[in-house]
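If you want the building blocks of each chain, they are given just below.
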Amino acid sequence: GENVEQHPSTLSVQEGDSAVIKCTYSDSASNYFPWYKQELGKRPQLIIDIRSNVGEKKDQRIAVTLNKTAKHFSLHITETQPEDSAVYFCAASKQGGSYIPTFGRGTSLIVHP
Amino acid sequence: NAGVTQTPKFQVLKTGQSMTLQCAQDMNHNSMYWYRQDPGMGLRLIYYSASEGTTDKGEVPNGYNVSRLNKREFSLRLESAAPSQTSVYFCASSALSETQYFGPGTRLLVL
């Protein structure tokens, strides 16, 4: 089955710095890669996703890149703010049929004011 | 439009007691899921239901049972709770092969 590795497990940055979280996946058939943000005590919520026919996607300060050859994808957050502090999860799955994503173990991002 | 709802929000059980966690969604999604979240372990899939009338085991199904009551509702049952089942439980739903929407979670403490 699919295996998703996520690094780092903890990331500490100063406000205004950029943050990068990386994930690798094992199944070359995976073609949908969402990223979820989970604030303390809250539910995970989708912040951005990318499909395998796209190499990069941006939404304001957040971007995701995908390298299908190397089987890795990354979340980039620019101009970090304290409210970006949360746990971020990547996931990988195959579209078509049942949607059973495989999640990474999460990255705890801490943004210091 | 409430999205995904879960009850209860918090529960304390004694070892050996049973309980059912309820989940409902109003987004007309076919697929529903139960996860548990433990510190440092991410989200682990317990059971899922790809469509009404079907259920399948996930990564950590032991000690749990599920029922897909109808398209809207998916319940998780602990027949004989154990301290190892202390966790936060999330229900989620999705349209076929699309984004998952999570419920607010149930915090379960088994003494």
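Residues numbered from 1 in each chain as written. Chains lettered and ligands numbered in written order. Predicted model: local features only at pLDDT ≥ 70, side-chain atom pairs only at ≥ 80, totals over all residues. Heavy atoms only, no water.

## Section: the overall build of chain B
(1) Moving on: Check the secondary structure of chain B and you find 0 helices and 11 strands.
(2) Moving on: Whereas a compact globule of 111 residues would reach a radius of gyration of roughly 13 Å, chain B reaches 13 Å, a difference of no more than 12%.
(3) Moving on: Overall, the C-alpha framework of chain B stretches about 35 × 25 × 25 Å when taken along its three principal axes.
(4) Moving on: With 111 residues in all, chain B has 50% of them scored as buried.
(5) Moving on: Summarising the internal contacts of chain B: among those between residues at least 6 apart in sequence, 54% fall at separations of at least 24.
(6) Moving on: Of the accessible surface of chain B, which amounts to about 5000 Å², a share of 50% is contributed by carbon and sulfur atoms.
(7) Moving on: Computed over 10 positive and 8 negative side-chain charges, the inter-centroid distance for chain B is 8 Å. (Helix = DSSP H or I, 4+ residues; strand = E, 2+ residues; numbered from the N terminus. Rg over C-alpha atoms; globule rule 2.2 N^0.38 Å. Buried < 20%, exposed > 50% of the residue type's maximum accessible area, 1.4 Å probe, protein only. Contact = heavy atoms within 4.5 Å. Areas by Shrake-Rupley, 256 points an atom, 1.4 Å probe, with all protein chains shown as cover. Lys, Arg positive; Asp, Glu negative; His and termini not counted. Charge placed at Lys NZ, Arg CZ, Asp CG, Glu CD.)

## Let's talk about the sheet that holds strand β7 (residues 64-68) of chain B
Residues and elements named next belong to chain B.
(1) Moving on: Here 4 strands make up an open sheet; going across it, the order is β1-β3-β8-β7 and the pairing antiparallel. In this open sheet, the two strands that pair with only one neighbour each are β1 (4-7) and β7. Taking the axes of each pair of neighbouring strands and ignoring which way they run, one obtains an average angle of 15 degrees across the sheet.
(2) Moving on: Where strand β3 (residues 19-25) meets strand β8 (residues 74-78), 3 bridges bridge the pair, whose relative direction is antiparallel. Considered in β8, the bridge of Met-19 is made with Leu-78. (Pairing = 2+ DSSP bridges. Axes fitted to C-alpha atoms, helices over the stretch in contact; angles between N-to-C directions.)

## Observations regarding the sheet that holds strand β7 (residues 62-67) of chain A
Hydrogen bonds along the backbone pair up the strands of a sheet, which may run parallel or antiparallel.
Residues and elements named next belong to chain A.
(1) Moving on: Spatially, the 5 strands line up as an open sheet ordered β1-β3-β8-β7-β6, and their pairing is antiparallel. Of all the strands in the sheet, just β1 (4-7) and β6 (56-59) have a single pairing partner and so form its edges. When the angles between neighbouring strand axes are averaged without regard to direction, this sheet yields 15 degrees.
(2) Moving on: With 6 bridges joining them, strand β3 (residues 19-25) and strand β8 (residues 72-77) adopt antiparallel strand pairing. From the neighbouring strand, Ile-21 faces β8, where its bridge partner is Leu-75.

## Observations regarding the state of the cysteines
Residues and elements named next belong to chain B.
(1) Moving on: Taken as a whole and assessed by the stated rule, the structure comprises 2 disulfides over all chains.
(2) Moving on: Put simply, Cys-23 and Cys-91 are joined by a disulfide, and their sulfur atoms are 1.8 Å apart. Because the sign of the S-S torsion sets the handedness, a value of about -70 degrees for the bond joining Cys-23 and Cys-91 places this disulfide among the left-handed ones. Placement of Cys-23 in strand β3 and of Cys-91 in strand β9 (residues 87-94) is noted, with a sequence separation of 68 residues between them. Cys-91 matches Cys-23 in its accessibility class, with the two residues each being buried. (Disulfide = S-S within 2.5 Å.)

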